Amino acid sequence: MTLSKTNTVTKGAFGPVRDESIRDKAGDQTRLKIMSAAAKLFDAQGYKGTSVRQIAQEANVNVALISYHFHGKQGLLEVLISGYFERLFQRFDEQEKLDQDRSAFERLTTNIRLYVYYQRDHALVTRLIQRELSVESMLAREVMTLYSHRFKHAFAKLIEEGMATGEMKTVFVDSVLLSMASLLIYPYVNLQSVREVYYLEPLSDEFCERLVASTNELMRSLLLPSASFHK
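Worth saying up front: this structure is predicted, and the values here are computed from it rather than measured.

Engineer: Looking at this structure, how should I read the packing of aromatic side chains?
Structural biologist: The way to describe two aromatic rings as a pair is by their centre distance and the angle between their planes. Per the stated rule, a full pass over the model turns up 11 aromatic pairs. Measuring from centroid to centroid gives 5.3 Å for Phe42 and Tyr47, while their planes differ by 65 degrees, and the two rings are edge-to-face. In this structure an aromatic cluster arises from ring pairing among Tyr84, Phe85, Phe89, Tyr118 and Tyr147. Seen from the ring of Tyr47, Lys73 lies directly overhead, with NZ or CZ sitting 4.3 Å from the centre.

Engineer: Is there a simple way to think about the packing of helix α8 (residues 173–189) against helix α10 (residues 205–223) in this case?
Structural biologist: A packed helix pair is summarised by two numbers, namely the angle formed by the two axes and the spacing between the axes. Packing of α8 against α10 brings their axes to within 10 Å, and their N-to-C directions diverge by 170 degrees. Relative to α10, the element α8 lies roughly antiparallel. Where α8 abuts α10, its residues Val176, Ser179, Met180, Leu183, Leu184, Pro187 and Tyr188 lie against Phe207, Cys208, Leu211, Ser214, Thr215, Leu218, Met219, Leu222 and Leu223. Across the contact of α8 with α10, the residue classes break down as 13 nonpolar, three polar and no charged.

Engineer: Please explain the environment of Ile185 as it appears in this structure.
Structural biologist: Of note, Ile185 is situated in helix α8. Under the relative-accessibility criterion, Ile185 is labelled buried at 16%. Between the alpha carbons of Ile185 and Tyr115 there is a distance of 9.5 Å; along the sequence they are 70 residues apart. Apart from residues lying up to four places away in sequence, Ile185 is in contact with Tyr115, Gln119 and Gln130.

Conventions adopted
- Residues numbered from 1 in each chain as written.
- Predicted model: local features only at pLDDT ≥ 70, side-chain atom pairs only at ≥ 80, totals over all residues.
- Heavy atoms only, no water.
- Phe/Tyr/Trp six-rings, centres within 6.5 Å; stacked < 30°, edge-to-face > 60°.
- Lys NZ or Arg CZ within 6 Å of the ring centre and 35° of its normal.
- Axes fitted to C-alpha atoms, helices over the stretch in contact; angles between N-to-C directions.
- Helix = DSSP H or I, 4+ residues; strand = E, 2+ residues; numbered from the N terminus.
- Parallel < 35°, antiparallel > 145°, perpendicular 65-115°, else oblique.
- Contact = heavy atoms within 4.5 Å.
- Nonpolar A, V, L, I, M, F, W, Y, C, P; charged D, E, K, R; others polar.
- Buried < 20%, exposed > 50% of the residue type's maximum accessible area, 1.4 Å probe, protein only.

Now the structure itself:
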């Protein structure tokens, strides 16, 4: 399995997906139907528990079209994962250009907000990816190599900048990021648990705002000098 970056962007029910093989509007719609169906079934049944025929039935397309557009179920999974991350990094890059004059901590909190809402808006694929990463596999290793380290760097570089300028305390960056990731990712990997045990709705704006606020509060306590923290 080889994940690769591609260069055309289109949008589906679960967000933009990049793939260079998209050529026409009719083909776009077919691809989007297949990807939406796959995301739904992979979430409900798992990747291994879902057949190509089931995806075709859910999307109401001929099964041969999955091979034509994605070269099979594995290729479809790769497009879902690569599209998810490439669009996320595009959002980070766009936001960074807008926030050039802001402090490192302010840019960090902006990235936190962006990521919370991105997970919410792409909940099925978010959970699919985190499930795949929890299993030792070639796919998990490739995702970590291509995307997880890049995701970490988007946040780490801001903390390192803040430490270099004296805005933030000297900390062990990896430990801070692990605490942050645990808080941000758990609700979208465990949607049912959050709903049925904690009686919260992770897909609501209210929950997202609470999650952003609590994560920012954690980062303030870990990163900012006490005088700044109490301002």
